[in-house]
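# Structural overview for review
Spelled out, the chains give:
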Amino acid sequence: MISAATSRSSWFYDRLTFLYPVVDIFLKPQKQKLFEEINKYAPGQLLEIGVGNGTHLKYYTQHQVIGIDSAQNMLAKAEKHLKPNIQLHHMNGEALQFPDLHFDYIVLSHVIAVVDDPDKLLHEAHRVLKPNGKLFILNHVTPNNWVRFIDKSFERISKFAFFKSVFHLSDLTAIKRFNLIHDINAGFFSYFKIMIYEKAL
Ligand SMILES: C[S@@+](CC[C@H](N)C(=O)[O-])C[C@H]1O[C@@H](n2cnc3c(N)ncnc32)[C@H](O)[C@@H]1O
């Protein structure tokens, strides 16, 4: 049974935890770029959804951070990287247990194409963000070049690894509730992007 704090993909990530450091080597340069952007913003209340094994928590230098994840094993790893400005909770990003208008910033790093229902996640992010709050998304986005054929060829297999290889943010209805204010290339022929959105009123 899926409890309020878990999701279908947490089953997979609970088992992938021991392998994630290998994935992390590949993701590290993109995450460093993401944090250069996040740390340009004034100190505030920040929620990271799908915090994973938390090796990047050290980059949160100025914000008050709550990190959540639906996979207990990932959270157990993340706890080793705790700092005084960070709290961690076992929670499903698609059913956040926070009041409306609570956070200045929300971070989704390689999460939006992994959750069961990305639209639900964005609706929840919109609900808990303050007016003009910022949403940082780091993810692959299927481009309109030859790379799209690679994504297409992995589409069926990727479902077994609980992610969507073919992924277009514009397909999500809830993204219309945010305005894009920055779109930064994070590498590999514009495949990885950092997108900074502002909550639309
Ligand atoms: C690809 S990992 C990314 C981890 C980290 N953000 C990073 O950039 O390295 C995806 C993470 O999202 C978590 N996750 C998946 N679905 C979730 C959900 N509905 N709510 C919260 N976390 C979720 C997984 O357990 C996993 O730790």
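Per an unreviewed UniProt entry, the chain goes by Class I SAM-dependent methyltransferase and derives from Pseudochryseolinea flava.

What follows concerns the overall build of the chain. A tally of helices and strands in the chain yields six helices and seven strands. A compact globule built from 201 residues should have a C-alpha radius of gyration of about 17 Å, and the chain, at 16 Å, falls within 12% of that. By principal-axis analysis of the C-alpha atoms, the chain measures approximately 45 × 35 × 30 Å. Among the 201 residues that make up the chain, the fraction classed as buried is 51%. Contacts spanning at least 24 positions in sequence make up 66% of the contacts within the chain whose residues lie at least 6 apart. When the accessible surface of the chain is summed, it comes to about 10000 Å², and 59% of that surface belongs to carbon and sulfur atoms.

Turning our attention to the packing of aromatic side chains. Remark: the centre distance and the inter-plane angle together describe each pair of aromatic rings, the angle taken between the planes. Within this structure, the stated rule accounts for ten aromatic pairs. Centroid distance Phe178 to Tyr197: 6.4 Å. Interplanar angle 70°. Geometry classified as edge-to-face. Of the two residues, Phe178 is situated in strand S6 (residues 178–187) and Tyr197 in strand S7 (residues 192–199); the sequence distance between them amounts to 19 residues. Both residues of the pair, Phe178 and Tyr197, count as buried. Pairwise contacts between aromatic rings join Phe26, Tyr191 and Phe192 into one cluster. Cation over ring: Lys58 sits above Tyr59, and NZ or CZ is 5.0 Å from the ring centre.

Our next topic: the site of the ligand. Taken together, 22 residues form the shell around the ligand, and within it Lys31, Gly50, Asp69, Asn92 and Ser109 come nearest. For the ligand, an oxygen atom lies 2.8 Å from a polar atom in the side chain of Tyr20. Note that an oxygen atom of the ligand is positioned 2.6 Å from one of the side-chain N or O atoms of Lys31. Relative to its free-state accessible area of 590 Å², the ligand is covered by the protein chains to the extent of 98%. The site holding the ligand turns out to be the largest pocket. Counting residues per element, the ones that place at least two in the shell around the ligand are helix H1 (8–16) and helix H2 (20–38). A class-by-class count of the residues in the shell around the ligand yields nine nonpolar, nine polar and four charged.

Our focus in this paragraph is the side chain of Thr17. Its place among the elements puts Thr17 in the loop between H1 and H2. We classify Thr17 as buried; its relative accessible area is 6%. If we ignore the near neighbours within four places in the chain, the residues touching Thr17 are Asn73, Met74 and Lys77.

On to the environment of Glu37, then. One can find Glu37 in helix H2. Counting along the chain gives 130 residues from Glu37 to Phe167, while the straight-line C-alpha distance between them is 23 Å. Apart from the residues lying within four places of it in its own chain, the contact partners of Glu37 are Phe136, Ile184 and Ile196.

When its volume is computed, the largest pocket comes out at roughly 1100 Å³. In this structure, the largest pocket is lined by 50 residues; those nearest its centre are Tyr13, Val23, His110, Val114 and Phe163. For the lining of the largest pocket, the elements supplying multiple residues, two or more each, are H1, H2, strand S1 (45–49), strand S2 (64–69), strand S5 (129–140), helix H5 (147–153) and helix H6 (155–160).

Thresholds applied
Residues numbered from 1 in each chain as written. Predicted model: local features only at pLDDT ≥ 70, side-chain atom pairs only at ≥ 80, totals over all residues. Heavy atoms only, no water. Helix = DSSP H or I, 4+ residues; strand = E, 2+ residues; numbered from the N terminus. Rg over C-alpha atoms; globule rule 2.2 N^0.38 Å. Buried < 20%, exposed > 50% of the residue type's maximum accessible area, 1.4 Å probe, protein only. Contact = heavy atoms within 4.5 Å. Areas by Shrake-Rupley, 256 points an atom, 1.4 Å probe, with all protein chains shown as cover. Phe/Tyr/Trp six-rings, centres within 6.5 Å; stacked < 30°, edge-to-face > 60°. Lys NZ or Arg CZ within 6 Å of the ring centre and 35° of its normal. Near = heavy atom within 4 Å. Polar contact = N/O pair within 3.5 Å; in protein donor to acceptor, adjacent residues only side chain to side chain. 1 Å grid on protein atoms, 1.4 Å probe; cavity = no way out; pocket = protein on both sides within 12 Å on 5 of 7 lines; lining within 4 Å. Sits in = over half its atoms within 2 Å of the grid points. Nonpolar A, V, L, I, M, F, W, Y, C, P; charged D, E, K, R; others polar. Points joined across faces, edges and corners; volume = space filled by probe spheres on them.

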